[in-house]
Amino acid sequence: MRLLWIVALMIFSNGVGVSGLNKRPEFVNIGATLAFNSTIGKVARIAIQAAVDDVNSDPSILGGTKLRMKMQDTNYSGFMGIVEALRLLETDTVAIVGPQSSVVAHVVSFIATELQVPLLSYSATDPTLSSLQFPFFVRTSQNDLYQMTAVAEIVHYYGWREVIAIYGDDDHGRNGIAALGDKLAERRCKISYKAPLRPGATRDEITEALVQVALTESRILVVHTLSSWAPVVFSVAQYLGMMRTGYVWIATNWLSTLWDTFSPLPEDTVHTIQGVITLRMHTPDSELKSKFVSRWSNLTSGINANGPIGLSTYGLYAYDTVWLLARAIGAFFDQGGNISFSNNSKLTDLRDGDLHLDAMSIFNGGRMLLEKILQVNMMGVTGQVKFNPDGNLIQPAYEIVNLIGTGYRKIGYWSTHSGLSVVPPEKFYSMPPNLSSSNQKLYPVIWPGETVQKPRGWVFPNNGRHLKIGVPNRTSYREFVSQVAGTEIFSGYCIDVFTAAANLLPYAVPYKFEPFGDGMTNPSETELVRLITAGVFDAAVGDIAITTNRTRMADFTQPYIESGLVVVAPVKKMNSGALAFLRPFTREMWGVTACFFIIVGVVVWILEHRLNDDFRGPPRRQCFTVLWFSFSTWFFAHRENTVSTLGRLVLIIWLFVVLIINSSYTASLTSILTVQQLYSPIKGIEYLRSMKEPIGYQQASFARDYLIDELGIDESRLVPLVTPEDYAKALKDGPRKGGVAAVIDERAYVELFLSTSCEFSIVGQEFTRNGWGFAFPRDSPLAVDMSTAILQLSENGDLQRIHDKWLMRSACSSAGTKLEVDRLQLRSFWGLFTISGLTCLLALCLYFLKMVRQFSRHYSEELSSSGQISTSARLQTFLSFVDEKEEEVKHRSKRRRQLEVVSNRSEDKSMYNSSSKRRSVESSSNRGIECGSEV
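Residues numbered from 1 in each chain as written. Predicted model: local features only at pLDDT ≥ 70, side-chain atom pairs only at ≥ 80, totals over all residues. Heavy atoms only, no water.

Labelled according to an unreviewed UniProt entry, the protein appears under the name Glutamate receptor, originating from Manihot esculenta. A UniProt comment under Subcellular location (unreviewed entry) is attached to the protein, and it reads "Membrane". For the protein, the Function (unreviewed entry) comment in UniProt is given as "Glutamate-gated receptor that probably acts as non-selective cation channel." (UniProt positions renumbered as here; feature names shortened; annotations may be inferred.)

Below is the structure:
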């Protein structure tokens, strides 16, 4: 009996224990910290309370457990935000909805991590909060990293390169703008100027900051601040005239939040934000969203006496945050989670303090609850709520809104899946991601100043500073650029081109030329370009060649003159001698042509020998015929007719080849005999590379590095030269007298040099393709506008007129001469010779097959009747057959066939007679036998 009582007691105790473990609490304490009267807080407070009521009214969510929400007002204060969060953590709170601001979130996240209490913030969008440093911080709205990506994509879409950032100088503002800078850099754009404003900045402080902004050159302004004082920025900008045509204002989603919450805005506020582009977090349309939006007016009725409170996207995310937490808590209980707290040993020593920090306890189930939060996958009023491995919501997307009049225009969307698009991003989620530039599209924008023309995005800075333009102080070729002695004035071809282009710009550019160089030697233009990167000069104007190395340091305009490297060498006149008729062809060309004349003659002789009497006769006569026929085709004077099909085919192809060769020879010889020729042993750059002779170049030119690095010419062979006189002396002296074999320089200099030095000339081809341009800092918009101006100068003829003014010189007396015409090479005709050669080979093959067939048909019986004969005898018979005229072969074959017929007839007759005699004998004997039997 005692044993039964013990067993019953054990069963009862076990049952009570199990039910005690699985029993859910009646309430779960959660908290929220927000500024009740802030733009975001007004909406979020209503949305959070509505979500709590909805969750508690549905027992299927938490199985009868209810949420006990305690909301604390931070009253716009970061300090109070921390204090109120600490007060919540003293009351066994399992999770906090908030903090509202990123500044408070940074501090409270440390405490939440220590106490293992999840923070679910719908409005702290600072990108740096999504790090391993804050594992218990969960952002339930979009990360500002995506918003800054959208802003950078807009800037890149319109082709702007620099922006100005106006932001609140706190964690939210600084870290958001830092993310913007990174995303712009990925697209080769940048933030050219930052204007930080302290939180709660006064109108005077904002005015001072915007005055500095107005003095910069960029007109693309990004405003990333708090909505509490940000409208003052646009009010001051309107006052300073910064909302007129030419400016572009891009506001982050604080402006759309302000518009959605307090619409309609005051008339003076609406007037100051005309043409502004702002972003709004995109939430797809759904039945859940429609129902909640329709409830909103009832939820807000009678709450605010100052007017209705609109529903912003932060309100939607706040509503989903409570539902997200509720579902996570339900999953927590379903897995056997228990709400319990334990003391923090680090706070035990502070028990005697006045702050009562020891009242805060560690939530033992915090890590399990955090895990359940990150695993939630539900449909909310904002769409699908699900986290990616980085802890951010999936499918981030923004609407791009253009504020105009008393309303706004939605000009497109941005998402990580489709980039910029005029179609809602959820339409593309079933397709593969496509971020190609060709698919990026936005609707037209009405910009500040009520213009639809895309602003240029920058102006010349109105800060009173002149551009410092470096100009090389040359000692030679001063026609291109030079400084007037005793003045600060520069003149020359390059200066006139720059001045004319600057005058075509749609804005004034104050600039000042400053010399670069000592005036004794030509300065290094590469060093001049490098000084732009160093900030010594704002631009460089002069005879600056656009090279690969220099483009890595600066941006160049469109080339205003072509000037590649060429070879200059001494030349002498070439007189027409007695053997001038041989000069059109090279030796190889003459040799191959002569060989083909003979080859074609032999082939035609072989093909015609058996058919044509013109190609038969004694050997001496046949050799003469072959040579005569071959070379007479040069003049189309051959008398022999071709009768064979193959012979005619070979001759037609060969006559076509001869026609081309003859025409080319005539044209080349005519040029040689009628135009005075110049001759130089140097043929071009490849010829110089194979030599060991010294080569001259212009001192400080990029040609030196090019010859050493690219062409592999030894540095010891290079001789620097400064003036045109140095060029002439070095070329006249030649290598034997300490001069140079040739000079390598840019064509522009060389043409000016040759205008007065007729004993030299350009030999070979231009072996680089360079041009001269004006250099500006990297990504400078002035380089683009100057390029456009240079193209206009080229189109209207002003560029050519400037060229003729400075660089046109009187032609020297040998202007009618020309450098030796290149002799006709074999490579120019190898195709024709190949065709002719293949034709000859094909004809010979067909002819050989024909001869073998005829030989086997006519001589097969004779060879077989002769018994076994040697190969040499058979070959001799075949050659005799080939040499024999075809008519004789046919006649002999015909006669042999006739004899064979007669012989066959004789044999048949003799065989008939013998058979007749045999039959008569047999009949006689038969009759004798019959008579004997009768007797």
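Turning our eyes to something else, we now look at the nonpolar core. The biggest cluster of nonpolar side chains holds 105 residues, and the ones touching the most others in it are I48, L67 and I329. The element contributing the most residues to this core is helix 13 (residues 313–334), with 14 residues. A domain-level breakdown of this core finds at least three residues from each of domain 1 (27–142 + 308–386) and domain 2 (144–288 + 396–439). L467, Y749, V750 and A789 belong to the second-largest nonpolar core, a separate cluster that totals 74 residues. (Core = buried A, V, L, I, M, F, W, Y, C linked by side-chain atoms within 4.5 Å. Buried < 20%, exposed > 50% of the residue type's maximum accessible area, 1.4 Å probe, protein only. Helix = DSSP H or I, 4+ residues; strand = E, 2+ residues; numbered from the N terminus. Domains from an automatic or database assignment.)

Here the focus is the pairing of strand 6 (residues 162–168). Among the seven residues of strand 6, seven are classified as buried, and the element is accordingly described as predominantly covered. Burial along strand 6 is two-sided: E162, I164, I166 and G168 facing one way and V163, A165 and Y167 facing the other are all buried. Here seven bridges tie strand 6 to strand 7 (residues 190–197), and the two strands are oriented parallel to one another. By the bridge assignment, Y167 is partnered in strand 7 with P196. (Pairing = 2+ DSSP bridges.)

Okay, a nonpolar patch on the surface next. A surface patch of nonpolar side chains, about 470 Å² in accessible area, is lined by L842, L846, F848, L849 and V852. Within the secondary structure, V852 sits in helix 28 (residues 830–865). (Patch = residues over 30% accessible without salt bridge, like charges linked within 9 Å, V, L, I, M, F, W, Y side chains within 5 Å. Areas by Shrake-Rupley, 256 points an atom, 1.4 Å probe, with all protein chains shown as cover. Salt bridge = Lys/Arg side-chain N within 4 Å of Asp/Glu carboxyl O.)

Before going further, it helps to examine the sheet that holds strand 29 (residues 718–721). If you walk across this open sheet you meet the five strands as 29-28-30-25-31, and the pairing is mixed. Pairing within the sheet leaves two strands with one partner each, and these edge strands are strand 29 and strand 31 (760–763). When the angles between neighbouring strand axes are averaged without regard to direction, this sheet yields 35°. In terms of strand pairing, strand 28 (residues 695–698) meets strand 29 through four bridges, oriented parallel. Looking across to strand 29, one finds that I695 is bridged to L718. Lying over the sheet, helix 24 (residues 724–733) contacts strand 25 (565–570), strand 28, strand 29, strand 30 (742–746) and strand 31, oriented at roughly 150° with respect to strand 30. Sitting on the sheet, helix 25 (residues 747–754) touches strand 25, strand 28, strand 30 and strand 31, and the angle it makes with strand 30 is about 120°. (Axes fitted to C-alpha atoms, helices over the stretch in contact; angles between N-to-C directions. Contact = heavy atoms within 4.5 Å.)

With that out of the way, let us pick up empty space enclosed by the protein. Empty space among the atoms becomes apparent when a probe as large as a water molecule is rolled across them. Scanning the model with the defined rule gives four cavities of 30 Å³ or more in all. The space that makes up the largest cavity amounts to roughly 50 Å³. Every residue along the wall of the largest cavity is listed here: R474, N522, P523, E525, Q698, Q699, A700, S701, E746 and Y749. Broken down by class, the residue content of the lining of the largest cavity amounts to three nonpolar, four polar and three charged. Summarising the domain contributions, the lining of the largest cavity has at least three residues from each of domain 3 (467–562 + 772–807) and domain 5 (678–768). (1 Å grid on protein atoms, 1.4 Å probe; cavity = no way out; pocket = protein on both sides within 12 Å on 5 of 7 lines; lining within 4 Å. Points joined across faces, edges and corners; volume = space filled by probe spheres on them. Nonpolar A, V, L, I, M, F, W, Y, C, P; charged D, E, K, R; others polar.)

So, about the packing of helix 2 (residues 39–56) against helix 10 (residues 253–262). Closest axis-to-axis distance for the helix 2/helix 10 pair is 9 Å, and the angle between their directions is 55°. Comparing the axis directions of helix 2 and helix 10 gives the class oblique. Judged by the sense of rotation from one axis to the other, the crossing of helix 2 with helix 10 is left-handed. Each of T39, I40, K42 and V43 in helix 2 lies in contact with helix 10, whose residues at this interface are T257, L258, T261 and F262. Here the residues of the contact of helix 2 with helix 10 sort into four nonpolar, three polar and one charged. (Parallel < 35°, antiparallel > 145°, perpendicular 65-115°, else oblique. Left-handed = near helix turned anticlockwise from the far one by under 90°.)

Strand order in this open sheet of eight strands is 7-6-8-9-10-15-16-17, and the pairing throughout is mixed. Across the chains shown, the open sheet's two edge strands, defined by having one partner strand only, are strand 7 and strand 17 (419–421). The average angle at which neighbouring strand axes cross in this sheet is 25°, direction not considered. Sheet analysis places strand 9 (residues 248–251) next to strand 10 (residues 277–281), joined by two bridges and oriented parallel. Residue pairing in the sheet places I250 in a bridge with I277 of strand 10.

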